[in-house]
Amino acid sequence: MMSKKSYELLKRLTEADAPSGREGAAAEIVRAEAERLGYEVTSDALGSVIAHKPGSGAKLMFDAHLDEIGVIASYADDNGFIRFGAVGGLNTSELPKKRVRFLNGVTGVIGSEEESFKDKPKLSKLYIDIGAKDKADAADKVKTGDMAVFDGPFDSDGCRVVSKALDDRAGCFILLCAMERIKSSENDLWFVFSAQEEVGLRGAKTAAFSIMPDYAVAVDVTDTGDTPGCPPMAVKLGDGAAIKIMDRSVVCDTEVIERLIGTAEKNGIKYQREIMADGGTDTGAIALTGAGVKAGAVSLPVRYVHSPSELASVVDIEACAELIAAVCAEKWDR
């Protein structure tokens, strides 16, 4: 099970406020941890953090994204309410009465012009109430272009964790855990903590272009099919690492899928197969880089994705980290 030190690292990662394009707070934590582990660490122009462990064998790239979804202030209306746009995929029907925190520390509550609605409200019908008395007061506190994230504290009972930004700080945590467990590897290992996934898989694409790996594995979250009334899906909380077969952005490479499954079975690591009907991950962008990359993904089952209260199993987190570390120890052909 996870140590107290591990919980503290995951807590720090999820509580960092780092929406797309403003990943600095999370990047600083990742950089410090990767350097502590003895990796060569650089950053690229988009803000992705890249950790390298040189080897003479096949070039393997592992990716998890730093950014989280958020909102961006568009303007303050005459009554001091902040109108906003989306940074990443927001379900507007779930936003009213949620708390958000701007990167400058100002907090607010999302309100709606409609008390109730049958369909998803338009963003133009939503606002953020920061307690301002008028437009001038609001403008002193929040400027056009300021970003905010959900206010969702970290909580754990030792078996499950609940927090904002498990998508995809849990993936970043999994990579760091795997990096610490790697004792030796013939492969040339690259660990990318990418920027701007939530707004178009951007950081993974540029990082993959600079690395041009032989193989790549993205680590991100996936939905589950085990809550009342949810869309049917094979993935369940607590059933281990989810090895992706396909999603809307990619059909994963057969060789990578077989390697992931074979490694899990050889090492007795709990795993399940995943097909995600809605959404995509960095896997899709990496696969289409250059002349193409053999790419796959390991997914962490998470309930209530893109909310302030994403929920994951510690068993699944451990299985994902163990699988990535074991994959790194395997010899891959160039």
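Here is what the cut-offs are and how they apply
- Residues numbered from 1 in each chain as written.
- Predicted model: local features only at pLDDT ≥ 70, side-chain atom pairs only at ≥ 80, totals over all residues.
- Heavy atoms only, no water.
- Core = buried A, V, L, I, M, F, W, Y, C linked by side-chain atoms within 4.5 Å.
- Buried < 20%, exposed > 50% of the residue type's maximum accessible area, 1.4 Å probe, protein only.
- Helix = DSSP H or I, 4+ residues; strand = E, 2+ residues; numbered from the N terminus.
- Contact = heavy atoms within 4.5 Å.
- Disulfide = S-S within 2.5 Å.
- Phe/Tyr/Trp six-rings, centres within 6.5 Å; stacked < 30°, edge-to-face > 60°.
- Lys NZ or Arg CZ within 6 Å of the ring centre and 35° of its normal.
- Axes fitted to C-alpha atoms, helices over the stretch in contact; angles between N-to-C directions.
- Parallel < 35°, antiparallel > 145°, perpendicular 65-115°, else oblique.
- Left-handed = near helix turned anticlockwise from the far one by under 90°.
- Nonpolar A, V, L, I, M, F, W, Y, C, P; charged D, E, K, R; others polar.
- Salt bridge = Lys/Arg side-chain N within 4 Å of Asp/Glu carboxyl O.
- Pairing = 2+ DSSP bridges.
- Polar contact = N/O pair within 3.5 Å; in protein donor to acceptor, adjacent residues only side chain to side chain.

> Got a minute to help me understand the nonpolar core in this structure?
Nonpolar side chains tend to gather and get buried jointly when the protein is soluble and globular. By size, the foremost hydrophobic cluster in this structure holds 80 residues, and its most contacted members are F62, V161, F191, F193 and I324. The element contributing the most residues to this core is helix 8 (residues 314-329), with 11 residues. Sequence-distant contacts of I324, that is, excluding residues within four places in its chain, are made with F62, I174, L175, A178, V217, V219 and V298. Core analysis: the second largest hydrophobic core is formed by 20 residues, A73, A76, V100 and A148 among them.

> So what exactly am I meant to see when it comes to unusual backbone geometry here?
Excluding glycine, residues mostly carry a negative phi; peptide bonds, for their part, are mostly trans. D168 follows D167 through a cis peptide bond whose omega is 5°. Structurally, D168 can be placed in helix 4 (residues 166-181). Of note in this structure, Q196 is not a glycine but carries a positive phi near 60°. With respect to the helices, strands and loops of the structure, Q196 is situated in the loop between strand 12 (188-194) and helix 5 (202-211).

> What is the right way to read the state of the cysteines from this model?
Note on terminology: disulfide describes a covalent bond linking the sulfur atoms of two cysteines. On inspection of all chains with the given rule, the structure shows zero disulfides. Looking at the unpaired C172, the closest cysteine sulfur is the one in C177, lying at 11 Å. Left without a disulfide partner, C328 is nearest to the cysteine sulfur of C177, which lies 13 Å away. According to the relative accessible area criterion, C328 is buried, its value standing at 0%.

> Even after reading the chapter, I still don't get the packing of aromatic side chains, so can you show me in this structure?
Geometry of an aromatic ring pair is reported as the spacing of the ring centres plus the angle between the planes. Per the stated rule, a full pass over the model turns up four aromatic pairs. Positioned above the aromatic ring of Y39, the side-chain terminus of K53 is 5.5 Å from the ring centre. Over the ring of W332 we find R259; its NZ or CZ atom is 4.5 Å from the centre of that ring.

> Explanation requested: the packing of helix 1 (residues 4-15) against helix 4 in the structure shown.
Between two packed helices, both the angle of their axes relative to each other and the distance between the axes serve to describe the pair. Helix 4 packs onto helix 1 with a crossing angle of 140° between their chain directions and a minimal axis gap of 9 Å. Taken together, the axes of helix 1 and helix 4 lie oblique to each other. Judged by the sense of rotation from one axis to the other, the crossing of helix 1 with helix 4 is right-handed. Contacts from S6, L9, L10, L13 and T14 of helix 1 reach helix 4 at L166, R169, A170, F173 and L176. In terms of residue class, the contact of helix 1 with helix 4 is built from seven nonpolar, two polar and one charged.

> I tried to follow the pattern of salt bridges on my own but got confused; where do I start?
Side chains that differ in sign of charge can pair as their charged atoms come close. Overall, the coordinates contain 25 salt bridges when judged by the stated rule. Note that E33 is salt-bridged to R36, the shortest N-O span being 3.1 Å. Separated by three residues within a single helix, E33 and R36 lie in helix 2 (residues 24-36), roughly one turn from each other. With a relative accessible area of 13%, E33 lands in the buried category. For the salt bridge of E318 with R181, the shortest nitrogen-to-oxygen distance reads 2.9 Å.

> Can you help me understand the pairing of strand 3 (residues 59-65) in this one?
Counted residue by residue, strand 3 has six buried out of seven residues, so it is predominantly covered. As judged from the seven bridges shared by strand 3 and strand 12, these two strands associate in the parallel manner. Note that in strand 12 the partner of M61 across the bridge is W190. Here four bridges tie strand 3 to strand 13 (residues 215-222), and the two strands are oriented parallel to one another. Along strand 13, the bridge assignment pairs F62 with V217.

> I would appreciate a short explanation of the pairing of strand 13 in the present structure.
Remember that side chains alternate between the two faces of the sheet whenever the strand is regular. Among the eight residues in strand 13, eight count as buried, and that is most of the element. With eight bridges joining them, strand 13 and strand 17 (residues 294-303) adopt parallel strand pairing. Bridging across to strand 17, Y215 finds its partner in K294.

> Looking at this model, I keep getting lost on the packing of helix 6 (residues 254-266) against helix 8. Mind explaining?
At a closest axis distance of 9 Å, the pairing of helix 6 and helix 8 adopts a crossing angle of 105°. Relative to helix 8, the element helix 6 is oriented roughly perpendicular. From helix 6, L260, T263 and A264 reach across to helix 8, where they touch L323, A326 and V327. Class assignment of the residues belonging to the contact of helix 6 with helix 8 gives a composition of five nonpolar, one polar and no charged.

> Any chance you could explain the side chain of K164 here in plain terms?
Examined against the element boundaries, K164 turns out to sit in the loop between strand 11 (160-163) and helix 4. Look at K164 and you get buried, because its relative accessible area is 2%. Engagement of the side chain of K164 in a polar contact is seen with the side chain of D17, the distance being 3.4 Å.

Keep in mind that these numbers describe shape and distance, not what the molecule does.
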